[in-house]
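The lines below spell out each chain.
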Amino acid sequence: MTDAPEYGFDTKQIHAGAAPDPATGARQTPIYQSTAFVFRDSEHAAKLFNLEEVGYIYSRLTNPTVSALQDRICALEGGAGAVCCSSGHAAQIMALFPLMGPGCNVVASTRLYGGTVTQLSQTIKRFGWSAKFVDFDDLDAVKAAIDDDTRAVFCESVANPGGYVTDIPAIAAISDAAQVPLIVDNTSATPYLCRPIEMGATLVVHSTTKYLTGNGTVTGGVVVDSGKFDWMATDKFPSLSQPEPAYHGLVFGEALGPMAFTFHSIAVGLRDLGMTMNPQGAHYTLMGIETLSLRMEKHVANAQKVAAWLENDPRVDYVTYAGLPSSPYYERGKKICPKGTGGLFTVALKSGYDGCVKFVDAVQLFSHVANLGDARSLVIHSASTTHRQLTSEQQEAAGASPNVVRISIGIEDADDLIADLDQALAAASA
Ligand SMILES: *Cc1c(COP(=O)(O)O)cnc(C)c1O
């Protein structure tokens, strides 16, 4: 890694992980579009496969362009190691994979991205894993939900579709006491606004598809490990604390210390699950991440202005933006995300479900898409799209009630965004 700890965030987002190319001097990180990398000799090859030396073998496992991105995100989150993968959802599976086994469960917040609710409530059952969903504002309920088979606690820092901020230090204290790792999805906040590892998170996951890339070009994900969890302290995590049969009996927790989780994710996770990020995709994210802090400042300033305007409009029922003093999460937001609570929120329309449908059909500058965290402003009616698979109780808990539209505020001129919302609200109420 090329970052020095004394560098600030704005410097790291440009320089961490990316020295000039040693072979050519290329200043920008080249796209190493190569499947395989030549071994110096057989001994070199053996060392790489034994994890005695770090290097490149085959791009399903490691690739120099992807490595630059891993090192950069790791530096921004303040982790020990990071592994990129093909999407945010892949990152969640990659995070759980070394921890879970048949019969194990994850205690998860009810306030999560709709796709994550489906992944955890339905799909992971195929692996023999399960999830217990709890209101993370009820700390006693979180504590009570953790049992002998719990292997992770999972939440979002600022929950998609917006407005909810998790009390990360309080949840971390509970997971710590139970000797269970805390996984925080930091997609909506980004490391510029929220630093989960400093607040006690063990692992941070991202959909790099969103703000980290910031230009709506590629899907990707990352798992950042704090390197602070003691995998050897209990017998709960045999993949890390005992001889791993899938890697010729290596005890990752013993041999690799704070890099145990990261090396396991590459040597076993990516090797066998194959949810690899490609170098072209890593390149687009590296380009985007260079301006992360500048974009987040503008996302926050715009969201603040637009949310305040919407809240005062008589056609609007309520706005759930944690940056508004009316939000129940306003004070917590200042603690967890001191530079602002992001660019994502929901707005409930008095015109109900039908009004929401008319509203998303009427926007012109905003795009009606299933994405967020783009430089462009985006809008979606969650109940009829991203949260469609959920029960009405799950929709409600996730902040995606039928009369609610999710808004991802971009970095355009706030006045232009307000003008577009004004005419779309007129259409919704017509
Ligand atoms: C989009 C999103 C995901 C899933 O990421 P993909 O890259 O679409 O797989 C997970 N969590 C949150 C908070 C998201 O917004």
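Scroll up to find the structure.
All of the points below concern the structure found in this document.

Definitions and limits used
Residues numbered from 1 in each chain as written. Predicted model: local features only at pLDDT ≥ 70, side-chain atom pairs only at ≥ 80, totals over all residues. Heavy atoms only, no water. Helix = DSSP H or I, 4+ residues; strand = E, 2+ residues; numbered from the N terminus. Contact = heavy atoms within 4.5 Å. Buried < 20%, exposed > 50% of the residue type's maximum accessible area, 1.4 Å probe, protein only. Polar contact = N/O pair within 3.5 Å; in protein donor to acceptor, adjacent residues only side chain to side chain. Pairing = 2+ DSSP bridges. Axes fitted to C-alpha atoms, helices over the stretch in contact; angles between N-to-C directions. Bend = angle between axes of the 7 residues up to and from the residue.

## What to know about the environment of Val300
- Relative to the assigned elements, Val300 resides in helix H13 (residues 292-311).
- A C-alpha to C-alpha distance of 8.6 Å links Val300 and Gly323, two positions 23 residues apart in sequence.
- Leaving out residues up to four positions away in the same chain, Val300 has contacts with Leu193, Tyr321, Lys339, Gly340 and Gly342.

## Topic: helix H12 (residues 279-289)
- With respect to burial, H12 is a largely interior element, 8 of its 11 residues being buried.
- For H12, every residue scored as buried is listed here: Pro279, Gly281, Ala282, His283, Thr285, Leu286, Gly288 and Ile289.
- Considering only its buried residues, H12 is in contact with helix H1 (9-15), helix H3 (64-77) and H13.
- Between the side-chain oxygen at the start of H12 and the backbone nitrogen of Gln280 there is a gap of 3.2 Å, and the oxygen is on Asn278.

## Topic: the sheet that holds strand S11 (residues 344-349)
- With mixed pairing, the 5 strands of this open sheet are ordered in space as S10-S11-S14-S13-S12. In this open sheet, the two edge strands, each paired with only one partner strand, are strand S10 (316-320) and strand S12 (367-368).
- Note that S12 and strand S13 (residues 378-380) share 2 bridges and pair parallel. Bridge pairing in S13 links His368 to Val379.
- Across the face of the sheet, H13 comes into contact with S10, S11 and strand S14 (404-408) while running at roughly 10° to S11.

## Digging into helix H11 (residues 260-273)
- Considering bend angle alone, the principal kink of H11 is centred on Ile266 and spans about 30°.
- Buried within H11 are the following residues: Ala260, Phe261, Thr262, Phe263, His264, Ser265, Ile266, Ala267, Val268, Gly269 and Leu270.
- Of the residues trailing H11, Gly274 is marked for its positive phi of about 70°.

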